[in-house]
Amino acid sequence: MSARRIPGQVAKDFSEVLERLTGRDMQIIDLLARHRIFTADQLADLCFPSKWAARIRLVTLAEMEVLARFRDDNRSAFRYALGIWGAAVHAWRRNETPPTKSAVTQAVHQLAVSQKRSHLEGVNSFFTTIAAEARADGGSVRLAEWRSEDEAASMFLGKVRPDGAMTLAGDSEAAGAYFFEYDTGSETLEILAAKLDRYASRQPVGGHRRVLVQLTRPRREANLHHRLAGHALPFVVATTTAVNGLFGDCWRPVGHAERMSLRTLGARAVLS
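Description of the structure in this document. (Residues numbered from 1 in each chain as written. Predicted model: local features only at pLDDT ≥ 70, side-chain atom pairs only at ≥ 80, totals over all residues. Heavy atoms only, no water.)

### Let's talk about the packing of aromatic side chains
Summed over all chains, the structure comprises twelve aromatic pairs. Residues Phe14 and Trp85 carry aromatic rings whose centres are separated by 6.4 Å and whose planes lie at 40° to one another, so their mutual orientation is tilted. Taken together, the residues Phe14 in helix 1 (residues 14-20) and Trp85 in helix 5 (residues 84-93) connect sequence positions 71 residues apart. On the accessibility criterion, Phe14 (25% relative accessible area) is partly exposed. Where Phe126 meets Phe127, the ring centres are 5.1 Å apart and the plane angle is 85°; that geometry is what we call edge-to-face. (Phe/Tyr/Trp six-rings, centres within 6.5 Å; stacked < 30°, edge-to-face > 60°. Helix = DSSP H or I, 4+ residues; strand = E, 2+ residues; numbered from the N terminus. Buried < 20%, exposed > 50% of the residue type's maximum accessible area, 1.4 Å probe, protein only.)

Below is the structure:
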């Protein structure tokens, strides 16, 4: 017999909100404050033992107005963002003035209609897939750190803006630090190549990292490799069009025709 979900009710005051939140709820609030938008399945990959458990709790948090949710149509998945109480809790934890109800409502609306939303969702999909596949791999590697675009840009003092950054930890050769670029084809390959040159010309906090580039079209990936042929960079750049199996042999290093896994990429620190 399955357990009944107890519907969430809008809290009457801030102290009641805090009493009803769990440590995992606080983790979800922090993730949404930093990365802005997730589906239930993505939050399940990051925070829950199952997708069913995630959906039950997220609906409750939305009913409590800790989270806000929206979807484009009846067939698409709900997107979750910070709601009124979630934004207030995040501000309280940072000793900041909480936003007004109208400001939170407007921010959610702007996110829903933003032309940049699909790019943000693509970035978040990459990292949540990495987290899920690392966990399914049996614990040899894990997503130890995930930095948002703003957090990654701070490593370059704002002079370069990666789409994200991560650190994989564990016994696997895949362990290490990475920057990430998500390419939808909205900019020319010259602009993407110039961005990689800016990576090389700036010394980020902690030193250079491997750069992973996920593209949405195979032809564009091939054209990027042609554009970068003979291009010397002081770090490894590897590309893929895969959206799953990201620890498999789907990564093609610039200057090489064969594909390899993140483990092999890590083991070959200097590619000949």
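### Here's the deal with the layout of surface pockets
Taken as a whole, the largest pocket holds about 840 Å³ of empty space. Along its surface, the largest pocket is lined by 31 residues, and Lys116, His119, Val123, Glu149 and Asp163 are the ones closest to its centre. Residue assignment for the lining of the largest pocket shows that the elements contributing at least two residues are helix 2 (23-35), helix 7 (117-136), helix 8 (149-154), strand 6 (176-183) and helix 9 (189-201). No other element matches helix 7, which puts six residues into the lining of the largest pocket. Of the residues belonging to the lining of the largest pocket, the class tally is seven nonpolar, ten polar and 14 charged. Of the volumes computed, that of the second largest pocket is approximately 380 Å³. At the level of elements, helix 2, strand 3 (79-82), helix 5 and helix 6 (101-113) are the ones that each hand at least two residues to the lining of the second largest pocket. (1 Å grid on protein atoms, 1.4 Å probe; cavity = no way out; pocket = protein on both sides within 12 Å on 5 of 7 lines; lining within 4 Å. Points joined across faces, edges and corners; volume = space filled by probe spheres on them. Nonpolar A, V, L, I, M, F, W, Y, C, P; charged D, E, K, R; others polar.)

### Observations concerning the pairing of strand 3
Where strand 1 (residues 38-39) lies against strand 3, two bridges are found, and the strand directions are antiparallel. Following the sheet pairing, Thr39 is matched in strand 3 by Arg79. (Pairing = 2+ DSSP bridges.)

### Re the sheet that holds strand 3
With respect to topology, three strands assemble into an open sheet ordered 1-3-2, the strand pairing being antiparallel. Only two strands of the sheet have a single partner each, and these edge strands are strand 1 and strand 2 (67-70).

### Some words on the nonpolar core
By size, the foremost hydrophobic cluster in this structure holds 52 residues, and its most contacted members are Leu212 and Leu262. At six residues, the largest contribution of residues to this core is made by helix 7. Aside from chain neighbours lying at most four places away, what touches Leu212 is Phe126, Met166, Tyr178, Phe179, Phe180, Glu181, Ala238, Trp251, Leu262 and Leu265. In terms of nonpolar packing, the next biggest core, distinct from the first, is built from 18 residues, Met155, Phe156, Phe179 and Tyr199 among them. (Core = buried A, V, L, I, M, F, W, Y, C linked by side-chain atoms within 4.5 Å. Contact = heavy atoms within 4.5 Å.)

### Observations concerning helix 5
For helix 5, the buried fraction is high: seven of the ten residues fall into the buried class. For helix 5, the complete set of buried residues consists of Trp85, Gly86, Ala87, Ala88, Val89, His90 and Ala91. Buried positions along helix 5 lie against helix 1, helix 2, strand 3 and helix 6. Trailing helix 5 by a residue or two, Asn95 shows a phi angle of about 60°, which is positive.

### Some points on the pattern of salt bridges
Summed over the entire model, instances satisfying the criterion amount to 18 salt bridges. Among the ionic pairs, Arg161 bridges to Glu149, the shortest N-O distance being 2.9 Å. Here Glu149 lies in helix 8 and Arg161 lies in the loop between helix 8 and strand 5 (164-170), a separation of twelve residues in the sequence. For Arg161, a relative accessible area of 33% corresponds to the partly exposed category. The exposure class assigned to Glu149 is partly exposed, which follows from its relative accessible area of 34%. (Salt bridge = Lys/Arg side-chain N within 4 Å of Asp/Glu carboxyl O.)

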